[in-house]
Amino acid sequence: MDDSARQDDLAAVASIADPQRRALFEFVARHPEPVGRDEAASALGMARGTAAFHLDRLVEVGLLRTEFQRRNGRTGPGAGRPAKLYRAMPGEISVSVPERHYDLAAELLSRAVEESDRARTPIGPTLERVSARLGRALGDAADSMPAVLERLGYAPVDDGDDGMLLTNCPFDRVARNHTATICAANAALLDGAVHGLGERDVAAVLEPRDGYCCVRLRSTRQGASTSHRTTEA
């Protein structure tokens, strides 16, 4: 997720901190048909103007969308103005602080299961191959390794030795419960990104330490440690 999209999602989530706005959103979201201002105001016991204000705010932050219909069924001259109606936007908004990407973990695991079933190969190595391929695609599409790390929420910091420590794991909760599996996939993902970028002086290595992601980006330039993990895609 890029920074502007994340900011939009944060704004959307913040917008429903207001209890009246949240109640209106939930009321509209429960209805398969579009909802009018009068209907929403009456159902929730609030003034029409208040309901209209909050409904339009929910549209502005991308949680609702509007459409216009003549609800009396009449058409043509004299039928009156169409009513402004509201529907919930399709899809979902998920924001975590610090940033997490459990949807990416689910995608990697799902792809690995499908590929493992087709090829009748063990799931662990298959997950690493799938992760490395996606990492390469991310690297191919990026200008730099910091850009890849920022996109995925790793929050890198200089390790003082021409490498980077990652202060945030985007798969934190899953990694806590399934450390070996997720950390191996994590390392393969970032190793793939390194290769996709054509980086020759950086390696993604499994190097767990308290307070940091299990993967470290280590410099392989002369004078630095050259030990690293390579995952074949």
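Since we're looking at a predicted model, the values are computed, not measured. (Residues numbered from 1 in each chain as written. Predicted model: local features only at pLDDT ≥ 70, side-chain atom pairs only at ≥ 80, totals over all residues. Heavy atoms only, no water.)

1. Structural notes on the sheet that holds strand β4 (residues 156–158)
Next up, step 1: The strand order across the open sheet built from four strands is β4-β5-β7-β6, with neighbouring strands paired in antiparallel fashion. This sheet does not close on itself; its edge strands, each paired only once, are β4 and β6 (202–206). Neighbour-to-neighbour, the strand axes of the sheet open up by a mean angle of 25°, direction not taken into account.
Next up, step 2: As paired elements, β4 and strand β5 (residues 164–166) share three bridges and run antiparallel to each other. When the sheet's bridge partners are listed, D158 is paired in β5 with M164.
Next up, step 3: Running at roughly 175° to β6, helix α9 (residues 179–197) makes contact with β5, β6 and β7 (215–219) of the sheet. (Pairing = 2+ DSSP bridges. Helix = DSSP H or I, 4+ residues; strand = E, 2+ residues; numbered from the N terminus. Axes fitted to C-alpha atoms, helices over the stretch in contact; angles between N-to-C directions. Contact = heavy atoms within 4.5 Å.)

2. Here's the deal with the packing of aromatic side chains
Next up, step 1: As enumerated under the stated definition, the model contains zero aromatic pairs in all.
Next up, step 2: The cationic tip of R173 hangs over the ring face of Y102; the distance from NZ or CZ to the ring centre is 4.4 Å. (Phe/Tyr/Trp six-rings, centres within 6.5 Å; stacked < 30°, edge-to-face > 60°. Lys NZ or Arg CZ within 6 Å of the ring centre and 35° of its normal.)

Just distances and angles here, no functional claims.
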